[in-house]
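Reading the structure
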Amino acid sequence: MHSTSHITPDIIMTGVDDRRLLCFEGSYSVPDGMSYNSYVLLDEKTVLFDTADKSCCGRFIENIKYALGKRKLDYIIVSHIEPDHSASLSAVREIYPEAEIVCSAKAKDFLEQFYGCGINARIIAENDTLCTGKHTLRFFSAQMVHWPEVMVTYDETDKVLFSADAFGSFGALNGGTFADETDFEGGYLSEARRYYCNIVGKYGLQVQGLLKKAGDLDISYICPLHGYVWRKNLWLILDKYKLWSTYEPEDKDVLIVYASVYGGTENAAEITSRLLREKGVKTKMLDVSVKTNDIVIAEAFRCSHIVFASPTYNMGIFTRMEEVLNDIAAHGLRNRTCAFIQNGTWAPVASKLMQEILSRCKNMTFIENVITVKSALSDPKYEEELKAFADEIYASL
Ligand code: FEO
């Protein structure tokens, strides 16, 4: 049985949800599931835009069979070959062997790497077009958003941008289709942000390149490969992408990222948060022992200031904190002000080591005042030290 919806009279959403998935791409928590979007265009020729992850192949095939009815499939456009979008390709080709694959040259190479030799494809390049009857499809490279082979497609007739991974989100659609049917500010934004920062956050320059191309198009719909379709207030997501891709923070908030073995470091982190809140600053605290990296990375992209608090552990940084810091550096965060709290019962070194990792990021400012906790806040001197620490953070806001 199918579950499809119309985007325009000629374009049908044929994607599927996976609500059993706990960890997308083996890395990212998806407590609300994941959608693998795919679209069918019905014109004189028929077109399938991408497929779906193999976990959902059966339901996906039901959807495209319904969308196509008794018609044959003429083209399969492979925007992005990452297997969450291409793993059902062979199942589609078994049913529609005459369908011609349309993709970039690099996508063809990657398809052969993943699925074996002998894939025939029509190779497309920047600004090439494909006429399907009433519709003209124009192709643009979106290199590194998120892989090097990515192409996006603009349907000049219905003014639809098929945007591949760009403008997507974590989370299943649960029978929904359009972003304007969700509470964007109250919920969907945070998942779209978490998706952006973790999937393409490293590639801000390339995202800006895609935004420039999109700016030259008259777009009525954005159809991403994950998340809801945009048909109203497109500026909501486009403006966020403009901001995120420049690595400028969204909010002048203080994120406090901490690890704590026996509570001393957590105590210092929490008192810092309270002192800042008493000054009217918005803070958020994340314990890296229970929060996944993707959550920390998204909040680090959102906030202007970050306090990192870690025990010294085996003469290094607490393991989970070290993982988080390396992941933040790998995602290319920049333009943030950071402050540090370290703990060590006999030889505290975590602050210096945390700063070394973050020195790999561009344009980071480190607050000079470092809090060093010797085991716990049992000495009254910490009260004044933490007040001065919070004052210095506040002054930098
Ligand atoms: Fe949704 Fe880069 O794959």
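Heads up: these notes are all about the structure in this document. Counting of residues starts from 1 at the beginning of each chain's written sequence and follows it residue by residue. Per-residue local features of the predicted model are confined to residues with pLDDT of at least 70, and side-chain atom pairs are confined, for both listing and counting, to 80 or more; whole-chain, interface and lining totals are unaffected and use all residues. To obtain the side-chain values, all non-hydrogen atoms of the structure were included, while hydrogens and water were left out.

Two strands pair when backbone bridges link them, and strand β9 (residues 75–77) and strand β10 (residues 100–103) are joined in this way by 3 bridges, in the parallel orientation. Considered in β10, the bridge of I77 is made with V102. Here the rule is simple: two strands pair whenever DSSP picks up at least two bridges between them. A run of H or I in DSSP becomes a helix once it reaches four residues, and a run of E becomes a strand once it reaches two; helices and strands are each numbered from the N terminus. Pairing geometry for β10 and strand β11 (residues 121–123), over 3 bridges, is parallel. Paired with I101 across the two strands is A121, which belongs to β11.

A word on the environment of D239. By the secondary structure assignment, D239 is in helix α7 (residues 235–245). Each C-alpha atom of the pair D239 and I77 lies 28 Å from the other, and the pair is 162 residues apart in sequence.

A word on helix α5 (residues 184–199). Given a helix with a known number of residues, its expected span is that number minus one, times 1.5 Å. Here α5 is 16 residues long, yet its end C-alpha atoms lie only 20 Å apart, well below the 22 Å a rise of 1.5 Å per residue gives. The buried fraction of α5 is high, at 12 of 16 residues. Each residue is placed in one exposure class: buried if its accessible area under a 1.4 Å probe, protein chains only, is under 20% of its type's maximum, exposed if it is over 50%, and partly exposed if it falls in between. All buried positions along α5 are accounted for by F184, Y188, L189, E191, A192, R193, R194, Y195, Y196, C197, N198 and I199. Polar contacts here mean pairs of N or O atoms no more than 3.5 Å apart (in protein, one a potential hydrogen donor and the other a potential acceptor; neighbouring residues in sequence count only if both atoms are side-chain atoms). In this structure D183 caps α5, since a side-chain oxygen of it lies 2.9 Å from the backbone nitrogen of G186.

What follows covers the nonpolar core. Judged by nonpolar contacts, the single largest core of 121 residues is most densely connected at F308 and M321. Tallying contributions element by element places α5 first for this core, with 8 residues. In contact with M321, not counting residues within four places along its chain, are V257, Y258, A259, V288, F308, A309, S310 and M354. Counting residues in hydrophobic clusters, the runner-up holds 20 residues, among them L276, V281, I371 and I393. Throughout, nonpolar core names a set of buried Ala, Val, Leu, Ile, Met, Phe, Trp, Tyr and Cys residues whose side chains join them through atoms within 4.5 Å. When checking whether two residues touch, look at their non-hydrogen atoms; a contact exists if any pair is within 4.5 Å.

For the rest of this paragraph, the subject is unusual backbone geometry. Look at N233: it is not a glycine, yet its phi comes out positive at around 45°. With a relative accessible area of 44%, N233 lands in the partly exposed category. You will see that N363, though not glycine, has its phi angle at about 55°, which is positive. Along the chain, N363 turns up in the loop between α11 (350–358) and β22 (365–366). In this structure N363 comes out as exposed when scored by relative accessible area, which is 56%.

This paragraph deals with the sheet that holds strand β14 (residues 151–155). Pairing between the strands of a sheet is mediated by backbone hydrogen bonds and can be parallel or antiparallel. Reading across the sheet, the 5 strands line up as β12-β13-β14-β15-β16 and stay open at both edges, with mixed pairing between neighbours. At either margin of the open sheet sits one strand with a lone partner, and together these are β12 (129–131) and β16 (221–223). Direction aside, neighbouring strands of the sheet carry axes that sit 20° apart on average. Of the strand pairs in this sheet, strand β13 (residues 136–141) and β14 are connected by 5 bridges, and their pairing is antiparallel. Paired with F139 across the bridge in β14 is T153. To get an axis, a line is fitted to the C-alpha atoms, and for a helix only the part in contact is used. The angle between two axes follows their N-to-C directions and goes from 0 to 180 degrees.

Turning our attention to the sheet that holds strand β2 (residues 11–13). A sheet is described by the order of its strands in space; here 7 strands give the open sequence β1-β2-β7-β8-β9-β10-β11, paired in mixed fashion. Edge positions in the open sheet fall to β1 (5–8) and β11, since each of these has one partner strand only. With direction set aside, neighbouring strand axes in the sheet form an average angle of 25°. Sheet topology note: the β1/β2 ladder contains 3 bridges and is antiparallel. Looking at β2, one finds that S5 is bridged to M13. Across the face of the sheet, helix α1 (residues 57–68) comes into contact with β2, β7 (39–42) and β8 (46–49) while running at roughly 10° to β7. Where helix α4 (residues 105–115) meets the sheet, it contacts β10 and β11, and its direction lies at approximately 120° from that of β10.

With that settled, the discussion passes to the packing of aromatic side chains. Any Phe, Tyr or Trp ring, taking Trp's six-membered ring, that has another such ring centre within 6.5 Å forms a pair; planes under 30 degrees apart are called stacked, those over 60 apart edge-to-face, and the others tilted. Counting across every chain of the model gives 20 aromatic pairs. When the centroid spacing of 6.1 Å and the interplanar angle of 70° are considered together, the rings of F24 and F170 count as edge-to-face. Linking F24 in strand β4 (residues 23–24) with F170 in the loop between β15 (160–162) and α5, this pair joins segments that are 146 residues apart in sequence. For the pair F24 and F170, one class covers both residues: buried. Residues Y196 and Y241 carry aromatic rings whose centres are separated by 4.8 Å and whose planes lie at 75° to one another, so their mutual orientation is edge-to-face. Separated by 45 residues along the polypeptide, Y196 in helix α5 and Y241 in helix α7 bring together distant segments of the chain. Of the residues examined, Y241 reaches a relative accessible area of 1% and is grouped as buried. An aromatic cluster of at least three residues, connected via ring pairs, comprises F24, Y28, F170 and Y195.

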